[in-house]
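Below, each chain spelled out in residue letters.
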Amino acid sequence: MNNYNKVGYSVSEVAQIFGCTPSTIRKYVYDGYLKADVSLVNKRNSVRIRREHIVEYMTNHQGRFSEE
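Remember, predicted model here, so these are calculated numbers, not experimental data.

### Some words on the sheet that holds strand β3 (residues 44-50)
Across the sheet, which stays open at both edges, the three strands sit in the order β1-β3-β2 with antiparallel pairing between neighbours. Across the chains shown, the open sheet's two edge strands, defined by having one partner strand only, are β1 (8-9) and β2 (37-41). Sitting on the sheet, helix α3 (residues 51-60) is in contact with β1, β2 and β3, with an inclination near 70 degrees to β3.

Here it is in structure tokens:
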């Protein structure tokens, strides 16, 4: 069962939604194409991407996504 009411999605989950690799999602975040909440946890960056950020990205880049 999937929880679609989460506050934020992981890089892996967003990569699965977009149909790409997690490294591509990290690049989008660090280059500023995709908004995300980035925090430092145990000396590593923790990235959580909110639903509204996913919707905003997909709306602005409709040509990259099919109608499916």
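### With respect to the nonpolar core
Of all hydrophobic cores here, the largest spans 14 residues; its most connected members are V14, F18, I25, L34 and I49. Looking at this core, the elements that each hand over two or more residues are α1 (11-18), α2 (22-31), β3 and α3. Among the elements that take part in this core, α1 stands out by supplying four residues, more than any other. Apart from residues lying up to four places away in sequence, I25 is in contact with V11, V14, A15, F18, C20, L34 and I49.

### Looking at the packing of aromatic side chains
Throughout the structure, instances matching the rule amount to three aromatic pairs. Measuring from ring centre to ring centre gives 6.4 Å for Y28 and Y33, while their planes differ by 90 degrees; the resulting arrangement is edge-to-face. On the basis of relative accessible area, Y28 is assigned to the buried category, the value being 18%. Through a chain of ring-to-ring contacts, the aromatic side chains of F18, Y28, Y33 and Y57 assemble into a single cluster.

Conventions and cut-offs
Starting afresh in each chain, residues are numbered from 1 along the sequence in its written order. At least 70 in pLDDT is required for a residue's local features to be given in this predicted model, at least 80 for side-chain atom pairs to be given and counted, and no such filter applies to totals for whole chains, interfaces and linings, which use all residues. Only hydrogens and water are set aside; all other atoms, that is, all heavy atoms of the structure, feed into the side-chain values. DSSP bridges decide pairing: two strands pair if at least two such bridges lie between them. Numbering of helices and strands runs from the N terminus, with a helix taken as a DSSP run of H or I at least four residues long and a strand as a DSSP run of E at least two residues long. Contacts are assigned to residue pairs that have any heavy atoms within 4.5 Å of one another. Helix axes are fitted only over the stretch in contact, all axes being lines through C-alpha atoms; the angle between N-to-C directions runs from 0 to 180 degrees. Definition of nonpolar core: a set of buried residues of the types Ala, Val, Leu, Ile, Met, Phe, Trp, Tyr and Cys, connected through side-chain atoms within 4.5 Å. Only protein chains enter the accessibility calculation, which uses a 1.4 Å probe; a residue is then buried when its area is under 20% of its type maximum, exposed when over 50%, and partly exposed in between. Only the six-membered ring of Trp is used, alongside the rings of Phe and Tyr, when aromatic pairs are assigned; centres must lie within 6.5 Å, and planes under 30 degrees apart are stacked while those over 60 apart are edge-to-face, with the rest tilted.

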